[in-house]
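Survey of secondary and tertiary structure
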Amino acid sequence: MLSIYTSQRTISNQDVRGVLAYQAAKAGIEAATFAILAPENAAVVNSIFNGCTAGMTAPTLDGALSGFNVTIDCQLTPVNEGGNKIRVYQITSTARSGNASTNDFVERQISASISTCRVGVDGLATDPPC
């Protein structure tokens, strides 16, 4: 009976840690989305985000997510379409915790695409959004 209980408890713990890892990865996507859209959509700043790189700054996590390490990678693809400058940002956020050789290791990865549009093919900060 003890081994059944131990197995069930281990599996339950892994389920919970998997959910937490997903939430940590989601926090990475949200942080990257804000970093991209806040400057490009701000009426006052109206600047172009150029920090889309591998190893973007990850959010500081606390509470139940404090033990997770989040890495954010971003790739930018600019496209001219119909006289406008479209920027497509491909974001991948990976959250992990524990050591890969142990039972407490967990990792989740989420990807998202975000696009912005500026009137004019130069895509200058002074160009209005589409």
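Model, not experiment: these values are computed from the prediction.

Here we look at the overall build of the chain
Check the secondary structure of the chain and you find one helix and four strands. Listed N to C, the secondary structure of the chain is α-β-β-β-β in terms of helices and strands. Across the 130 residues that make up the chain, the buried fraction comes to 30%. Here the analysis covers contacts within the chain between residues at least 6 apart in sequence; of these, 52% occur between residues at least 24 apart. If you sum the accessible surface of the chain, you get close to 7900 Å²; carbon and sulfur atoms cover 54% of it.

As for the sheet that holds strand E2 (residues 69–81)
Strand order in the open sheet formed by four strands is E1-E2-E3-E4, and the pairing between neighbours is antiparallel. Single-partner strands in this sheet number two, and they are strand E1 (54–56) and strand E4 (106–119). Pairs of neighbouring strands in the sheet enclose a mean axial angle of 35°, with direction left out of account. Pairing of E1 with E2, which is carried by two bridges, proceeds in the antiparallel orientation.

Here we look at the state of the cysteines
Taken as a whole and judged by the stated rule, the model has two disulfides. Between the sulfur atoms of Cys52 and its disulfide partner Cys74 the distance amounts to 1.8 Å. Across the S-S bond linking Cys52 and Cys74, the dihedral sits near -95°, which makes this disulfide left-handed. One end of the pair, Cys52, is in the loop between helix H1 (2–41) and E1; the other, Cys74, is in strand E2, with 22 residues separating them in the sequence. Exposure remark for Cys74: the relative accessible area of 6% places this residue in the buried category. Between Cys117 and Cys130 runs a disulfide, and the two sulfur atoms are separated by 1.8 Å. Since a negative S-S torsion denotes a left-handed disulfide, the Cys117-Cys130 link at about -65° is left-handed. In this pair, Cys117 sits in strand E4 while Cys130 sits in the segment after E4, placing the two residues 13 residues apart along the sequence. Among the residues examined, Cys130 registers a relative accessible area of 52% and is labelled exposed. Regarding the disulfides, the chain carries the connectivity 1-2, 3-4 under sequence-order numbering of its bonded cysteines.

Definitions and limits used
Residues numbered from 1 in each chain as written. Predicted model: local features only at pLDDT ≥ 70, side-chain atom pairs only at ≥ 80, totals over all residues. Heavy atoms only, no water. Helix = DSSP H or I, 4+ residues; strand = E, 2+ residues; numbered from the N terminus. Buried < 20%, exposed > 50% of the residue type's maximum accessible area, 1.4 Å probe, protein only. Contact = heavy atoms within 4.5 Å. Areas by Shrake-Rupley, 256 points an atom, 1.4 Å probe, with all protein chains shown as cover. Pairing = 2+ DSSP bridges. Axes fitted to C-alpha atoms, helices over the stretch in contact; angles between N-to-C directions. Disulfide = S-S within 2.5 Å.

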